[in-house]
Amino acid sequence: MEKPQLIVNGLRLDGRKPDELRPIKIETDIIKNASGSAYMEWGNNKVIAAVYGPKEALPKHTGDPEKAIVKCVYSMTPFSSLEEHGRSGPNRRAIEISKVTKEVFENIILVENFPRSEIDIFIEILQADGGTRAAGITAAAVALATSGIPMRDIPYAVSAGRVGDTVIIDLNKLEDNYSDADMPVAIAPRNNEILLMQMDGGLTREQFKKALEMIKNAGKVITKIQREAIKKPYEDLINKYGAKYE
Amino acid sequence: MNDYLKELISSGLRSHDRGNFDYREIKIKSDVIKTAEGSADVSIGDTRVLVGIKLDVDEPMPDKPDEGNLITSAELLPLASPDFEPGPPNPESIELARVVDRALRSAEAIDMKSLFIEENKVWSVFVDIYVLNYDGNLFDASLLAAMTALMKTKKPIYKDNKVIRENLNEYLKVNNIVVSTTFAKIGDILILDPTGEEESIMNARYTIANDGNNIRAIQKGLYGSFKEEEIDNMVEISFKKYNELKLLIENATK
């Protein structure tokens, strides 16, 4: 396939401006068995995140006497992309994403509160359209928050990239395939500490700075959506029963 | 032991009187394996990595019918460290291979179009990273070895459905040299080129690959986090180190 022109008259092929996010919707508590869960639609991505635990670390020797161990499985359903049927089992990409996602939550969860325990995070991509690792982390953060597991912050993740000279935020699949750079980043919004950063393609130092700036701006929007999703079940209760909380 | 090391590092001391942003001694040797199309043996201090390159005739990827393939894998051999276990690739070795692969690919280090043979036939370039001794910073050692080996790789000849691998004199076409710099964060201190000991107490790791003009790959690792100023600082140092590392590769591939 020929490389499509990704930006026409300053707008992207899906009509977005360079710094415009796709619409994001998050719903919590969609998996009753889980300690916490979230369903997210981020543009055409559809993602489920579920958290189990803290529970006894198994096998026992994997437990850490000083803290909980965090396990993460990121996986894509075999029907989640427009290409051929996916192979079963984790591929190398999924193993890498699971690893860096786990590392984000090892930072953010107060693991020291739960020695010899494990906390399992499952991210399942039902429908993929670029930026699934960012969507997965953003959704898992909400699932964790609803589980009540104590965290330092509610992290968000989003990708920035480059098309020609233009730095863009939140690449969809087509942009991801044909862009000149892609940089997924996860950040803890309270102190802007960077929890995940990966990059490929090419960025000058100026473009790199611009991309990080755009990510932080997008983060303000994403953080707000996450917080509203976490609060919504409680607000629904208040609306239903009219109870007042000071 | 860990607390002692942390204390030393936070007071600005490193073993062998090394500055926080100095590399250990780097040695690069190319053409060490005669059966491979290309190879390099790189040591950074006591870390030692061997890369072998093989080329095979393959089908191209459906979306890139006029380009060859690049397949990078890494083996953390159990003989290289008491902490490495035998078995299928683990997340660490997959991450290592994928970061090296991203750097080579993003920098367009190899001319992928020069690997085209005829319709539906291209060369696949296999970059196999073998860690022989682990003492930290596998990322930089592996990319240095891969880059060096690729520059000294001789392209086999495909003739009458056969691959000829002897008496070759055409080198693989390399367009760009990319190197990486890896930092460890220990407490609040950043250091370049961590040893195995330093890696055992680091809270975060950050690898930047650049080609002198552009950042080509980034990989942050582990649970720790970075401030934006720290990232800026590491990017700056990474570009400063480029010429030094490039020169080492050039000297080894003359």
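Everything here concerns the structure above.
Thresholds, definitions, all that
Per chain, residues are indexed from 1 in the order of the written sequence. Key to labels: chains lettered from A, ligands numbered from 1, both in the order written. For a predicted model such as this one, the threshold for reporting local features is a pLDDT of at least 70, and the threshold for listing and counting side-chain atom pairs is 80 or more; totals across whole chains, interfaces and linings nevertheless cover every residue. The basis for the side-chain values is all heavy atoms of the structure; hydrogens and waters are excluded. Numbering of helices and strands starts at the N terminus; helices are DSSP runs of H or I of at least 4 residues and strands are runs of E of at least 2. In this scheme, a helix's expected span is set at 1.5 Å multiplied by one less than its residue total. Relative accessibility decides the category of a residue: with a 1.4 Å probe and only protein chains considered, values under 20% of the type maximum give buried, values over 50% give exposed, and everything between is partly exposed. Each aromatic pair joins two rings of Phe, Tyr and Trp (for Trp, the six-membered one) with centres within 6.5 Å, and gets the label stacked for planes under 30 degrees apart, edge-to-face for over 60, and tilted for any other angle. The pairing criterion for strands is at least two bridges between them, as found by DSSP. Comment: axis = line fitted to C-alpha atoms, over the contacting stretch for helices; angle = value between 0 and 180 degrees taken between N-to-C directions. Every residue pair with non-hydrogen atoms within 4.5 Å of one another is taken to be in contact. For this classification, under 35 degrees means roughly parallel, over 145 means roughly antiparallel, 65 to 115 means roughly perpendicular, and everything else is oblique. Left-handed describes a crossing whose near helix is turned anticlockwise from the far helix by less than a right angle; the clockwise case is right-handed. Gly is placed with the polar residues, together with every amino acid not listed as nonpolar (Ala, Val, Leu, Ile, Met, Phe, Trp, Tyr, Cys and Pro) or charged (Asp, Glu, Lys and Arg). Each patch groups residues whose relative accessible area exceeds 30% and which form no salt bridge, using 9 Å between like charges and 5 Å between nonpolar side chains of Val, Leu, Ile, Met, Phe, Trp and Tyr. A 1.4 Å probe and the Shrake-Rupley method give the accessible areas. Residues count as covered only by the protein chains that appear here. Salt bridges are defined by distance alone: a side-chain nitrogen of Lys or Arg within 4 Å of a carboxyl oxygen of Asp or Glu. Definitions used for this entry: grid spacing 1 Å over protein atoms alone; cavity, a set of points where a 1.4 Å probe fits but cannot get out; pocket, an open set with protein on both sides within 12 Å along at least 5 of 7 lines; lining residue, one with an atom within 4 Å of a point. Grid points are joined across faces, edges and corners, and a volume is the space filled by probe spheres set on the points.

Participant: What is the right way to look at helix H1 (residues 92–108) of chain A in this model?
Facilitator: Along an α-helix, residues three or four apart share an orientation, since each turn contains 3.6 residues. All names here are of chain A. Spanning 17 residues, H1 covers 25 Å between terminal C-alpha atoms, matching the ideal 24 Å at 1.5 Å per step. Within H1, 12 of the 17 residues are buried, which leaves it mostly tucked inside the rest of the structure. Residues of H1 that are buried: Ala94, Glu96, Ile97, Ser98, Lys99, Val100, Thr101, Glu103, Val104, Phe105, Asn107 and Ile108.

Participant: I'm lost on the packing of aromatic side chains in this one. Help?
Facilitator: A ring pair, where both rings are aromatic, is described by two values, the distance of the centres and the angle of the planes. Residues and elements named next belong to chain A. By the definition in use, this model includes four aromatic pairs over all chains. Aromatic side chains Tyr52 and Phe122 sit 6.1 Å apart centroid to centroid with 75° between the ring planes, which places their arrangement in the edge-to-face category. One end of the pair, Tyr52, is in strand S5 (residues 45–56); the other, Phe122, is in strand S7 (residues 117–127), with 70 residues separating them in the sequence. Residue Phe122 is classed as partly exposed on the basis of its relative accessible area of 34%.

Participant: Even after reading the chapter, I still don't get the sheet that holds S7 of chain A, so can you show me in this structure?
Facilitator: Strand-to-strand pairing in sheets goes through backbone hydrogen bonds, with the strands running parallel or antiparallel. Residue and element names in this part refer to chain A. The mixed open sheet is built from five strands, whose spatial order is S3-S4-S5-S7-S6. Each having just a single partner strand, strand S3 (24–28) and strand S6 (69–76) make up the two edges of the open sheet. Going across the sheet, the axis of each strand differs from the next one's by a mean of 15°, ignoring polarity. Bridge count between strand S4 (residues 36–42) and S5: seven bridges; the pairing is antiparallel. If you follow Gly36 over to S5, its bridge partner there is Val51. Its contacts with the sheet put helix H2 (residues 132–147) on S3, S4, S5, S6 and S7, and the angle it makes with S4 is roughly 145°.

Participant: Please clarify how the packing of H1 of chain A against H2 of chain A should be interpreted in this entry.
Facilitator: Between two packed helices, the angle of one axis relative to the other and the distance separating the axes together describe the packing. Residue and element names in this part refer to chain A. Their axes nearest at 11 Å, the elements H1 and H2 cross at an angle of 40°. The orientation of H1 with respect to H2, classified from their angle, is oblique. Note that H1 runs across H2; the crossing there is right-handed. Across from Arg93, Ile97, Thr101, Val104 and Phe105 in H1, the residues of H2 making contact are Thr132, Arg133, Ile137, Ala140, Ala141 and Leu144. Here the contact of H1 with H2 is built from residues that sort into seven nonpolar, two polar and two charged.

Participant: What is the right way to look at a nonpolar patch on the surface in this model?
Facilitator: All names here are of chain A. A contiguous nonpolar patch, built from Tyr234, Leu237 and Tyr241 and spanning about 390 Å² of accessible area, is present on the exposed surface. As for its placement among the helices and strands, Tyr241 is situated in helix H4 (residues 205–241). Note on Tyr241: relative accessible area 59%, which makes it exposed.

Participant: What am I meant to see in the pairing of S3 of chain A here?
Facilitator: It is a general feature of regular strands that their side chains alternate between the two faces of the sheet. Residues and elements named next belong to chain A. On S3, burial follows the alternation: Ile24, Ile26 and Thr28 on one face are buried, whereas Lys25 and Glu27 on the facing-out side are not. Two strands pair when backbone bridges link them, and S3 and S4 are joined in this way by five bridges, in the antiparallel orientation. Its bridge partner lying in S4, Ile24 is registered against Trp42.

Participant: Sorry if this is basic, but what is going on with the layout of surface pockets here?
Facilitator: Empty space among the atoms becomes visible once a probe the size of a water molecule is rolled across them. Taken as a whole, the second largest pocket encloses approximately 280 Å³ of empty space. Here the lining of the second largest pocket is composed, by residue class, of four nonpolar, four polar and six charged.

Participant: For this particular structure, what's the right way to read empty space enclosed by the protein?
Facilitator: By the definition in use, this model includes two cavities of 30 Å³ or more. When its volume is computed, the largest cavity comes out at roughly 40 Å³. Lining the largest cavity are Val99, Val100, Ala103, Phe139, Leu143, Ser180, Thr207, Ala209 and Ala217 of chain B. Contributing elements (two or more residues each) for the lining of the largest cavity: helix H2 (91–106), helix H3 (138–151) and strand S11 (204–210) of chain B. Counting residues per element, the lining of the largest cavity draws most heavily on H2 of chain B, at three residues. Residues that form the lining of the largest cavity fall into these classes: seven nonpolar, two polar and no charged. The volume enclosed by the second largest cavity comes to roughly 30 Å³. Taken together, Arg12, Leu13, Asp14, Asn172, Leu174 and Glu175 of chain A form the lining of the second largest cavity. Counted by class, the lining of the second largest cavity contains two nonpolar, one polar and three charged residues.

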